[in-house]
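What follows is each chain in one-letter form.
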Amino acid sequence: MIVLFTDFGLQGPYTGQMKAVLTQRAPDMAVIDLFADAPVGNPKASAYLLAAYAAWFPAGAVFLCVIDPGVGGVRPAIIVEADSKWYVGPGNGLFELVQRRAEKTQCFDIEWKPERLSPSFHGRDLFAPVAAMLASGEPPPGKIRRDCADRQPDWPDDLSEIIYIDHFGNAMTGLRMAMLPGGATLAVAGQLLELARTFSDRPPGAAFYYENANGLVEIAVNQGRADRDLGLSVGSPVKIVS
Amino acid sequence: MIVLFTDFGLQGPYTGQMKAVLTQRAPDMAVIDLFADAPVGNPKASAYLLAAYAAWFPAGAVFLCVIDPGVGGVRPAIIVEADSKWYVGPGNGLFELVQRRAEKTQCFDIEWKPERLSPSFHGRDLFAPVAAMLASGEPPPGKIRRDCADRQPDWPDDLSEIIYIDHFGNAMTGLRMAMLPGGATLAVAGQLLELARTFSDRPPGAAFYYENANGLVEIAVNQGRADRDLGLSVGSPVKIVS
Amino acid sequence: MIVLFTDFGLQGPYTGQMKAVLTQRAPDMAVIDLFADAPVGNPKASAYLLAAYAAWFPAGAVFLCVIDPGVGGVRPAIIVEADSKWYVGPGNGLFELVQRRAEKTQCFDIEWKPERLSPSFHGRDLFAPVAAMLASGEPPPGKIRRDCADRQPDWPDDLSEIIYIDHFGNAMTGLRMAMLPGGATLAVAGQLLELARTFSDRPPGAAFYYENANGLVEIAVNQGRADRDLGLSVGSPVKIVS
């Protein structure tokens with residue numbers, strides 16, 4: 001299974017062209033659109049989102065990940081193996097949390113070169129072919145990285161910020177519920193929020209936080225929109241007050 | 001064929017995670033995205049939309065349907081068989097019109113339990129695996145329902161409201177053209193609208209109604225947007241005046 | 001490989017219903033979503049976009065193209081073969097640039113008729129079945145066109161206008177970089193823009209043009225949005241000043 005995680009948006013030709021590459025090089029492989037709307041040009045917020053969602057997928061999954069504001073510049077192009085899953089994309093911190101949370105991980109510099117590499121679309125020309133190779137069982141086409149230029153040791157283990165707003169207006173944080181003190185109260189946009197199990201446990205219009213289906217702390221409003229009702233967007237701070 | 005009908009929106013990880021479940025449990029099955037933008041949290045409008053569009057699909061199709069504002073609460077989780085098609089989702093009225101219009105139908109309570117059921121994402125954890133079982137030819141994993149708590153006998157046979165606005169601004173109603181008196185005039189947003197066969201039969205800017213490609217009465221403006229030009233949204237009333 | 005190029009938008013049932021037809025008639029064929037958001041009702045801008053993007057695909061690809069404001073009217077329904085690729089859709093100029101740039105091309109009138117042809121959705125009822133036939137290796141179900149009513153000889157070889165705005169706010173023009181004088185300056189929205197190789201070659205906030213990954217001249221702003229920052233939309237003129 002090849003899983004797509006990008007900030008390409010839903011519109012336009014970018015995801016389609018990557019899939020055209022994948023279907024030619026790995027014809028019978030299932031391709032899953034996980035996120036096409038990861039935080040645009042924001043590898044840090046994306047790194048927490050990816051780590052939370054990748055954990056749910058089975059071993060063997062290959063994640064083709066393109067949040068790549070530095071495309072065409074000096075950032076390395078890498079392959080990460082972490083707990084029997086593969087990740088392909090730019091070495092800009094996007095895989096920092098995947099690696100940090102893995103029991104066993106290693107990182108490769110991509111040494112394979114396509115016939116033609118456009119300066120602005122490595123997703124199609126470089127990362128997609130490499131993902132197809134890995135999904136087909138080929139070894140990583142590169143050498144083990146010797147430096148840590150792709151790592152971000154200063155980033156925290158959990159991010160006390162909003163990292164994603166979904167279609168319903170729910171606001172995901174970069175905090176794992178398992179790391180939160182039991183019975184914690186969160187301060188978000190000047191409001192104190194308590195834990196609820198699910199939406200229907202709260203009256204209409206009430207804001208609360210809950211553990212989403214991938215283990216992240218998520219802010220929601222029953223029959224409302226947390227983004228609009230609380231004024232939240234990607235980057236809004238979240239504070240654990242007790 | 002498994003057909004997705006949800007209010008998950010196009011963004012975010014929800015449809016992708018459901019498809020990841022489907023591809024693992026029913027690897028060679030085609031999965032079709034029918035609606036990802038059914039009326040949010042509105043099983044009633046969605047029920048008329050689903051019944052109109054499901055009718056077009058061939059026998060054997062399995063519809064995985066998630067418009068589920070009560071997820072995690074007391075609403076039943078059900079399987080409906082209707083005229084050799086299968087429907088899986090919440091028992092909140094979403095299948096009311098499918099059942100009412102079927103020649104032969106029965107309803108099952110889902111008794112299968114996943115290893116882990118998140119309180120907020122039954123689409124992924126419960127409904128998707130059951131849809132994959134049915135698509136693979138397995139019998140429904142449950143017992144025939146004995147009560148009618150999932151039915152909505154008070155809902156009309158056709159809904160005189162706008163139930164969906166499409167990308168072009170056309171406004172679908174919950175009325176089937178076949179049920180409309182011949183030559184009827186519709187009163188919508190203070191305007192009287194007449195029937196046209198198709199867009200190019202009317203001058204630019206003219207509002208009219210026509211039978212859409214799935215048999216529903218639809219309001220449109222040639223080279224315009226009915227939603228904006230007439231001020232229509234989901235729930236706007238439509239009146240048959242002659 | 002069947003490639004979809006439409007103005008249906010991402011929402012709604014239109015693309016899904018076309019794919020349901022394709023999966024029934026050509027079950028094992030890969031279907032790629034290239035554009036679902038081609039310029040709405042604008043076959044001219046779409047023709048330049050299609051020609052640029054289709055060039056990237058391998059021989060044998062079948063393009064199912066629906067930008068069809070005249071659906072249900074008198075425009076012909078056609079099949080174009082151009083340099084070993086197939087194109088199916090309305091004969092309203094949409095294939096003008098594909099044909100003009102091809103070494104070898106011919107055009108067929110579709111003579112096959114579906115059992116039921118809705119007046120408003122030829123994409124599903126007519127073009128999708130024909131695309132599936134071609135992808136399955138069947139001969140074109142029609143006769144070679146004898147007139148040129150589907151052609152647009154007055155359209156230029158390259159279009160000096162914005163033809164598409166992408167998710168990042170980048171503005172594609174209908175100009176091929178290969179046709180631009182070396183070192184040309186472009187006048188766009190009252191600004192003079194110079195060529196850059198890629199985004200990271202320019203300071204944040206700087207507007208420039210570059211060759212996009214499909215050979216088109218594209219206007220961008222590093223870490224900004226060209227559409228908003230320069231006030232661009234589909235149809236905005238672009239002038240080559242030197």
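Residues numbered from 1 in each chain as written. Chains lettered and ligands numbered in written order. Predicted model: local features only at pLDDT ≥ 70, side-chain atom pairs only at ≥ 80, totals over all residues. Heavy atoms only, no water.

Caption draft 1: Fine view of the relation of the copies chain B and chain A. Structural alignment of chain B on chain A gives an RMSD of 0.0 Å, achieved by rotating through 120 degrees and translating 0.0 Å along the axis. In short, the pair behaves as if placed about a three-fold rotation axis. Relative to the rotation axis, the C-alpha of L10 of chain B is the closest in chain B, positioned 4.3 Å from it. Mapped onto chain A, only 4% of the interface residues of chain B are again interface residues, and the two copies thus contact each other with different surfaces. (Least-squares fit on C-alpha atoms with pLDDT ≥ 70 in both. Contact = heavy atoms within 4.5 Å.)

Caption draft 2: Representation of the interface of chain B and chain A in the model. The partner chain A presents 24 residues to the 26 residues of chain B that form the contact. For the chain B and chain A pair, buried surface summed over both sides reaches about 2,000 Å², with 61% attributable to carbon and sulfur atoms. Linking chain B to chain A there are eight residue pairs in polar contact (both at pLDDT 80 or more). The biggest single contributor to the side of chain B that touches chain A is helix α1 (residues 14-25) of chain B, with eight residues. Counted by class, the side of chain B that touches chain A contains ten nonpolar, twelve polar and four charged residues. (Buried area = accessible area lost by both parts, 1.4 Å probe. Polar contact = N/O pair within 3.5 Å; in protein donor to acceptor, adjacent residues only side chain to side chain. Helix = DSSP H or I, 4+ residues; strand = E, 2+ residues; numbered from the N terminus. Nonpolar A, V, L, I, M, F, W, Y, C, P; charged D, E, K, R; others polar.)

Caption draft 3: Geometry of the relation of the copies chain C and chain A. Superposition record for chain C on chain A: RMSD 0.0 Å, screw rotation 120 degrees, translation along axis 0.0 Å. Here only 4% of the interface residues in chain C have copies in chain A that are interface residues too; the copies meet through unlike faces.

Caption draft 4: The sheet that holds strand β7 (residues 142-144) of chain B, seen in detail. Residues and elements named next belong to chain B. A sheet is described by the order of its strands in space; here seven strands give the open sequence β2-β1-β3-β5-β4-β6-β7, paired in mixed fashion. The sheet terminates laterally at β2 (31-35) and β7, the two strands that pair on one side only. Along the sheet, successive strands turn relative to each other by an average axial angle of 25 degrees, direction set aside. Strand direction decides the pairing type here: strand β1 (residues 2-6) and strand β3 (residues 62-66), joined by five bridges, are parallel. Along β3, the bridge assignment pairs I2 with V62. (Pairing = 2+ DSSP bridges. Axes fitted to C-alpha atoms, helices over the stretch in contact; angles between N-to-C directions.)

Caption draft 5: Seen up close, the pairing of strand β4 (residues 77-82) of chain C. Residues and elements named next belong to chain C. Of all six residues in β4, five are buried; the element is thus mostly enclosed. Two elements, β4 and strand β5 (residues 85-90), share six bridges in a ladder whose sense is antiparallel. Bridging across to β5, I78 finds its partner in G89. Connecting β4 to the antiparallel partner β5 that follows it, the hairpin turn spans two residues, and D83 within it adopts a positive phi of roughly 50 degrees. (Buried < 20%, exposed > 50% of the residue type's maximum accessible area, 1.4 Å probe, protein only.)

Caption draft 6: Fine view of the interface of chain C and chain A. Chain C puts 24 residues into the contact, and the matching count from chain A is 26 residues. Buried area between chain C and chain A, summed over both chains or domains, comes out near 2,000 Å², and the portion from carbon and sulfur atoms is 61%. When the buried surface of chain C facing chain A is broken down by residue, W56, H167 and A213 of chain C rank first, second and third, together holding 29% of it. Joining chain C to chain A, the criterion identifies zero salt bridges. Linking chain C with chain A are eight residue pairs in polar contact (both at pLDDT 80 or more). Per-element accounting of the side of chain C that touches chain A gives the leading share, four residues, to strand β2 (residues 31-35) of chain C. Here the side of chain C that touches chain A is built from residues that sort into 15 nonpolar, four polar and five charged. (Salt bridge = Lys/Arg side-chain N within 4 Å of Asp/Glu carboxyl O.)

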